[in-house]
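Examination of the molecular architecture
Single-letter residue listing:
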Amino acid sequence: MGMLNQDSNIAFTLTQNQRGQIMRSLALAISGMPAASAILIDHAGRIVEEASRPTGVNLPAISALAAGCYATTHELAKTVGQPEYTLLFQHDNGQQVYIWPVAERALLVALLNNSLYVPELEKRLAGEAGKELLAVIAAAQEPAKLVPPPKVVLAEIPAEVRRHTRDLATLLMDLQNRPGGTFTGDASRYLLSSRDELVRALGRSDWKAAIEICVGTRTWLSHNLGVLEGVEPGKVVPVLYAELLAGLHQAVSGSVAPDRLEQLYRKFYSLSARKWKRVFISESCLSPAGLDAAALWKAGVSADPAIDANMFAGEFVGGMDDLVRELLRVVYLAKGSDARNMLVRDLAKIVEKYRDWLLPLGLDGVAGRNWMPLA
Amino acid sequence: MAIIHEEAKEITCKVVYHGTGMCGKTTSLMYLNGHLPASQRGRFISLETPTERTLYFDFLPVITEARGYKFRYLLFTTPGQDYYEASRKLVLKGADGLVLVVDSHRTRLQENMSSFQLLNKNLAEMDQKPELLPTVFQYNKRDLADIIPLDEAEKRFNPRGFASFPAIARTGQGVYETFLTVARKSLAKLTAPDGEARMGPLFRSTVLSAEDDASLAALLERLNRDSGSFGSMLVDESSGTLARFGEIPAKDFESMGALLACNFTAAQELSFNLSRTGFTGIIQKGPEWSMMATRVDARRFLVVFYPGGRDPMQFRAILATARRGLAKALEGVDSRSQGRLKAFAQVFTSVNRIAVAGLGGQA
């Protein structure tokens with residue numbers, strides 16, 4: 001047995017040899033027809049193989065539409081008592097789309113630029129090209145797994161997506177190493193379905209969806225299996241605020257002169273320090289580049305060895321949010337409410353990224369609640 | 001867009017169930033299919049992938065009669081998976097009412113949001129303002145652990161304050177109520193002052209008088225005779241059959257209309273994606289029956305049934321003449337529909353509640 005087809009989700013698997021046969025048949029079906037293309041898709045609209053891929057078209061959309069169109073045709077055939085239909089679309093410019101069912105498992109979509117080619121194509125499909133295609137598809141195996149690995153090169157996956165998938169994988173490995181009983185039936189079902197969705201998202205290069213699935217799954221685990229118990233506040237809270245302050249600093253430094261900005265930081269620092277004495281403990285964490293949240297956290301916990309890290313995290317969030325609010329006020333005065341609101345939305349996205357870790361600390365919904373968008 | 005045959009007293013409305021993948025749209029339709037009396041439902045059609053996900057749409061016609069009027073609600077679901085976005089938009093075309101199914105599980109929050117954002121985008125692309133479409137929210141899977149509270153769901157998904165119901169589609173809780181409400185609202189939209197005038201062009205209703213029915217049938221009869229075809233149908237893209245004449249190889253016209261409409265719109269969209277040029281028609285070749293569908297105007301198309309093996313190019317000129325005649329007749333129908341709908345509204349208001357009551361709602 002040769003190599004399996006690596007495409008995602010097709011309803012059957014093919015050996016390398018079978019793929020070669022399919023390619024030959026597709027090429028034979030349209031040979032001598034200039035600018036013609038032939039695509040083989042499964043009944044769910046997933047691309048199996050293609051010969052002379054058409055340029056400048058959204059192939060996944062076309063495949064999904066062709067599958068949908070054929071599914072209705074198949075139903076129509078049943079309604080009117082016909083065994084099967086072939087489909088032909090005609091265009092003003094002479095272009096023809098011909099859809100031919102292959103062994104009740106796949107569809108051949110042929111794109112021709114002249115109606116005169118249609119009878120020739122039909123002849124070839126009734127002959128050697130069609131027979132070979134039918135034989136190969138009929139002999140193809142059912143997929144070994146519901147969702148085979150996606151056809152995506154690792155190097156093409158953006159770093160952010162890789163980070164999310166790695167985090168999720170690490171978490172799952174941790175779970176597997178736990179003493180028995182962690183994976184309930186529900187959890188297994190949820191994880192399988194989540195995995196399938198993730199594979200599909202990666203397969204179609206939908207990075208946004210892939211990140212959402214990773215984050216959603218981790219959140220689900222934190223809610224349902226308590227896997228995030230034992231999160232260390234020192235590894236979450238200062239990192240979150242370092243990221244928030246970096247974003248804010250970039251926004252304010254664009255509209256306030258550097259010396260004025262440093263003055264403002266010092267002013268806000270001293271104002272905040274009156275209320276949050278244990279948080280704003282070391283002015284040395286201030287520099288023209290802004291406030292170093294990680295250093296400030298470190299200074300706070302070092303000052304009191306008996307400090308409860310969870311309790312301190314709550315205070316740290318309160319103090320930092322006050323500072324964030326003041327810096328947002330600077331943005332508002334310099335650039336107006338729209339700019340402030342836009343920035344708040346960006347900052348909220350950062351907070352959202354940390355939600356899984358804020359959750360077990362009891363800080364989900366607490367961080368960021370002091371600086372909502374203005375009406 | 002509703003299709004109203006004045007003389008036959010038939011009203012057809014399209015209701016679309018929309019939501020993210022696996023949120024319970026198909027399950028809702030399956031529940032209705034399993035619990036409505038056989039006399040009040042047509043054939044349930046599910047076009048699904050080998051992994052049982054909706055590929056294009058599910059379809060269930062619900063039929064009721066009241067005060068001599070026959071009401072058909074054509075219920076569709078859209079495919080939830082992202083991969084099928086192109087097909088999803090087609091199902092939305094010409095909807096009279098929307099059921100937005102929300103998966104209440106907290107982890108699906110973002111997917112629900114994205115799905116509704118896409119819906120708004122799809123409607124905007126069809127020049128339809130989402131807020132003008134009668135809409136009902138069905139907050140599904142309320143039996144799961146870790147679901148978002150209803151007030152939070154309302155705040156997040158339903159800022160316009162449309163009617164909403166908590167539901168468990170698996171057991172049927174809330175499914176019937178949701179459907180009755182959207183059915184009622186779809187009818188109420190027709191009677192609302194300027195309710196139709198503000199709709200997008202693909203979402204406006206068609207009212208056919210007895211004369212319209214007769215003139216369309218006469219045109220189809222002539223086409224059949226001149227072309228040697230068995231029969232022909234005039235179908236709206238939103239799935240309703242406007243007229244038919246001759247021998248049509250099916251008894252179940254609701255399903256036939258829905259399948260033809262979705263088939264045609266998918267073919268058209270596919271063609272546009274490929275060639276960016278005009279779409280002439282679609283030919284479906286079978287051994288005994290073949291059919292050809294071709295566009296008549298922006299919303300309607302003509303389907304001709306002819307003997308298998310015959311080349312439709314032979315009656316191309318006849319078909320072109322028929323298309324022109326039908327387009328002209330429909331232009332007249334469209335210009336009169338608005339006025340007729342107003343007159344019809346007086347009758348309709350009294351029928352409205354009763355029609356829904358026929359399905360088990362309150363009179």
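Above this note sits the structure.
To keep things clear, this report deals only with the structure shown in the data block.

Procedures and definitions
- Each chain carries its own residue numbering, running from 1 in the direction its sequence is written.
- Lettering for chains starts from A, numbering for ligands starts from 1, and both go in the order in which the items are written.
- Totals for whole chains, interfaces and linings use all residues, but because this is a predicted model, local features are given only for residues with pLDDT of at least 70 and pairs of side-chain atoms are given and counted only at 80 or more.
- In this text, helices come from DSSP runs of H or I with a minimum length of four residues, and strands from runs of E with a minimum of two, each type numbered from the N-terminal end.
- To sort residues by exposure, count the other C-beta atoms lying within 10 Å of each residue's C-beta; 20 or more gives buried, 12 or fewer gives exposed, and values between give partly exposed, all with C-beta atoms placed from the backbone.
- Working definition of a contact: two residues with C-beta atoms, positioned from the backbone, lying within 7 Å.
- Residue type decides the class: Asp, Glu, Lys and Arg count as charged, Ala, Val, Leu, Ile, Met, Phe, Trp, Tyr, Cys and Pro as nonpolar, and the leftover types, Gly among them, as polar.
- Think of it this way: DSSP has to see at least two bridges between two strands before they count as a pair.
- Whenever a helix is involved, its axis is fitted only over the stretch in contact; in every case the axis is a line through C-alpha atoms, and angles between N-to-C directions fall within 0 to 180 degrees.
- Crossings are assigned a handedness: left-handed for a near helix turned anticlockwise from the far helix by less than a right angle, right-handed for a clockwise turn.
- By our criterion, buried Ala, Val, Leu, Ile, Met, Phe, Trp, Tyr and Cys residues that link up through C-beta atoms within 7 Å make up a nonpolar core.

**Looking at the overall build of chain B**
- Within chain B one finds eight helices and 14 strands.
- When burial is assessed residue by residue, chain B has 55% of its 363 residues classed as buried.
- In chain B, 69% of the contacts between residues at least 6 apart in sequence involve partners at least 24 apart.

**Some points on the overall build of chain A**
- A tally of regular secondary structure across chain A gives 13 helices and seven strands.
- Out of the 375 residues in chain A, the part that is buried amounts to 39%.
- Counting contacts in chain A only where the partners sit at least 6 residues apart, residues at least 24 apart contribute 65% of the total.

**Concerning the interface of chain A and chain B**
- Tallying the contact residues gives 48 residues for chain A and 46 residues for chain B.
- When residues in the side of chain A that touches chain B are grouped by element, the largest group, 16 residues, is from helix α2 (residues 59-79) of chain A.
- A class-by-class count of the residues in the side of chain A that touches chain B yields 25 nonpolar, 18 polar and five charged.

**Side note on the pairing of strand β2 (residues 10-18) of chain B**
All names here are of chain B.
- When you tally the buried positions in β2, you get eight out of nine residues, the bulk of the element.
- When strand β1 (residues 3-5) meets β2, the two strands line up antiparallel, connected through three bridges. Opposite His5, over in β2, you have Glu10 as the bridge partner.
- Here β1 folds back onto β2 in antiparallel fashion, the turn holding four residues, of which Lys9 has a positive phi close to 55°.

**As for the packing of helix α9 (residues 258-275) of chain A against helix α11 (residues 309-335) of chain A**
All names here are of chain A.
- With their axes 10 Å apart at the nearest point, α9 and α11 run at an angle of 145° to one another. Read as a crossing pair, α9 and α11 show a hand that is right-handed. On α11, the residues that touch Leu264, Phe268, Ser272 and Lys275 of α9 are Gly319, Asp322, Leu323, Glu326 and Val330.
- The class makeup of the residues in the contact of α9 with α11 is four nonpolar, two polar and three charged.

**Regarding the nonpolar core**
- Judged by nonpolar contacts, the single largest core of 152 residues is most densely connected at Ile41, Ala66, Leu107 and Ala110 of chain A together with Leu75 and Leu234 of chain B.
- In terms of residue count, the dominant contributor to this core is helix α7 (residues 253-275) of chain B (eleven residues).
- Setting aside chain neighbours within four positions, we find Leu234 of chain B in contact with Leu216, Leu220, Leu242, Ala243, Val296, Arg300, Leu302 and Leu326 of chain B.
- Core analysis: the next-biggest nonpolar cluster, separate from the first, contains 38 residues, Phe268, Ala293, Leu327 and Leu347 of chain A among them.

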